[in-house]
Amino acid sequence: METNSKTEEETSRSRATTAQCVLNGLRLCTGDMEHMDKYMQGRFFVLQLVLWGLRGVSRVILANNPLSGALIMAALCWESRWQALLGTVGVLASTITAVIMGQDSAEVSGGHHGFNGMLVSLLMGVFSSAGDWYWWLLLPACLGSATCVFLYSGLSSVFHHWDLPVSVFPFNTIILLYLLCTGSDNPYFPHLPAIPPGALGPNDTKLIAVEVIRGIPLGVGQIYACVALGPCLLILGAVLLYSPLLAVHALLGSAVGTLAGLSMAVKPDFLYSGLSGFNGSLGCMAVGGLFFTFSWRIHLLAIANAFLSAYADIALGNLLGTVGLPACSWAATLTTTLMMLLTGSLAAYRIPVSQVMAPEDNLRSRSQWEAGNTAERESTDV
């Protein structure tokens with residue numbers, strides 16, 4: 001009997017040890033993975049560049065995890081090898097430009113200079129009417145991505161006074177300038193004109209419920225201009241790896257954006273493809289735990305920002321679509337910036353830009369900070 005009890009105790013201990021090892025391994029792969037930066041110090045520049053680039057890839061969707069970046073690159077390859085190549089060229093061109101310009105090393109290693117360049121390259125490929133593997137497109141992709149670094153550096157000195165992130169202002173600016181410069185009839189770099197979301201056709205009055213629901217996860221993938229369900233789910237998995245809370249808000253924001261599109265009777269294609277939801281997804285993620293400490297009030301604020309981003313996207317899409325230009329992510333960028341300037345009781349939940357981490361880490365840090373303040377007050381009471 002004693003032998004059996006000892007065997008059971010050893011088995012339970014080994015299981016507990018195994019479970020603890022699995023949890024520790026998951027912790028190493030989730031969140032910001034800051035230990036990777038320490039590990040890469042002193043390594044070959046190429047290896048460091050890969051790490052910085054993968055962080056830049058994940059920064060597009062507000063994450064900061066190189067493994068998430070690797071999953072997203074796999075999703076882009078699954079979606080289109082040409083788009084994956086353009087994205088790689090964009091993130092490398094902007095990151096190398098930042099290194100040459102001597103930008104802040106923490107910003108470079110954190111991928112802050114890579115994600116705008118990647119978005120510029122991806123959107124150039126999406127709107128190009130020359131088809132895939134049009135090698136001349138790599139030229140404006142490199143130049144546009146490099147130019148994002150100049151805009152980012154210039155805007156950061158202005159936004160720093162209000163403790164605001166530069167976000168994707170460089171991307172939104174550069175891609176519109178590129179499309180305005182080239183035009184749909186350009187002999188070298190022609191592009192497809194954008195269609196306003198409110199331009200309903202004669203057969204656009206009926207909706208397919210299954211396709212509308214399918215458009216919710218597609219809204220998350222549309223942040224990377226993905227339109228296939230498999231790659232979009234892989235991108236959502238990459239967000240889940242970084243932060244489950246962020247992944248929940250990504251889906252919630254896309255659902256809110258789809259609901260807003262339904263209420264405004266946008267074209268069914270915008271609902272089916274996820275175009276109606278991606279700005280809502282970005283707006284909901286930015287507020288719901290990333291730049292604000294998560295709470296039930298911030299959760300409601302994130303939903304409100306998702307609605308505001310979605311409606312602003314429809315308005316800007318109808319306005320810019322009259323001249324054949326896309327609204328890109330201007331809506332989510334502007335509304336989130338507005339939310340970060342709020343005053344009142346909600347401003348207490350605002351996280352300084354330099355201290356932003358994964359939402360779970362933000363919540364843990366705030367709990368520790370509040371506990372420390374409480375202990376300090378109790379110790380000073382007379």
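Note that the structure is predicted; figures quoted are calculated from it, not measured. (Residues numbered from 1 in each chain as written. Predicted model: local features only at pLDDT ≥ 70, side-chain atom pairs only at ≥ 80, totals over all residues. Heavy atoms only, no water.)

Student: Report on the overall build of the protein chain, specifying residues and quantitative values.
Tutor: Across its full length, the protein chain carries 17 helices and zero strands. Expressed as a percentage of the 382 residues in the protein chain, the buried residues total 48%. Across the protein chain, every contact between residues at least 6 apart in sequence was considered, and the portion connecting residues at least 24 apart equals 72%. Working note: accessible area of the protein chain is about 18400 Å², and carbon and sulfur atoms make up 66% of it. (Helix = DSSP H or I, 4+ residues; strand = E, 2+ residues; numbered from the N terminus. Buried < 20%, exposed > 50% of the residue type's maximum accessible area, 1.4 Å probe, protein only. Contact = heavy atoms within 4.5 Å. Areas by Shrake-Rupley, 256 points an atom, 1.4 Å probe, with all protein chains shown as cover.)

Student: Provide a residue-level description of the nonpolar core, including the pertinent values.
Tutor: Nonpolar side chains in soluble globular proteins tend to be buried together. Among the nonpolar cores identified, the biggest contains 76 residues, and Ile61, Met118, Phe171, Ile175, Ile223, Tyr224 and Phe292 are the most heavily contacted of them. Here this core takes eight residues from helix H7 (residues 115–127), the largest share from any one element. Both domains that meet at this core, namely domain 1 (32–192) and domain 2 (208–381), each give it at least three residues. The residues contacting phenylalanine 171, other than those within four sequence positions of it, are Asn116, Leu119, Val120, Leu123, Cys148, Cys328 and Ser329. In this structure, Val266, Phe270, Tyr272 and Ile314 belong to the second largest nonpolar core, which totals six residues. (Core = buried A, V, L, I, M, F, W, Y, C linked by side-chain atoms within 4.5 Å. Domains from an automatic or database assignment.)

Student: Break down the packing of helix H4 (residues 66–79) against helix H11 (residues 229–242) for me, with residues and values.
Tutor: Packed helices, taken two at a time, are described by their axes: the angle between them and the distance between them. In contact at an axis separation of 9 Å, H4 and H11 are set at 180° when each is read in the N-to-C sense. The orientation of H4 with respect to H11, classified from their angle, is roughly antiparallel. Contacts between H4 and H11 involve Leu67, Ser68, Leu71, Ile72, Ala74, Ala75, Trp78 and Glu79 from the former and Gly230, Pro231, Leu234, Ile235, Ala238, Leu241 and Tyr242 from the latter. For the contact of H4 with H11, the per-class residue count stands at twelve nonpolar, two polar and one charged. (Axes fitted to C-alpha atoms, helices over the stretch in contact; angles between N-to-C directions. Parallel < 35°, antiparallel > 145°, perpendicular 65-115°, else oblique. Nonpolar A, V, L, I, M, F, W, Y, C, P; charged D, E, K, R; others polar.)

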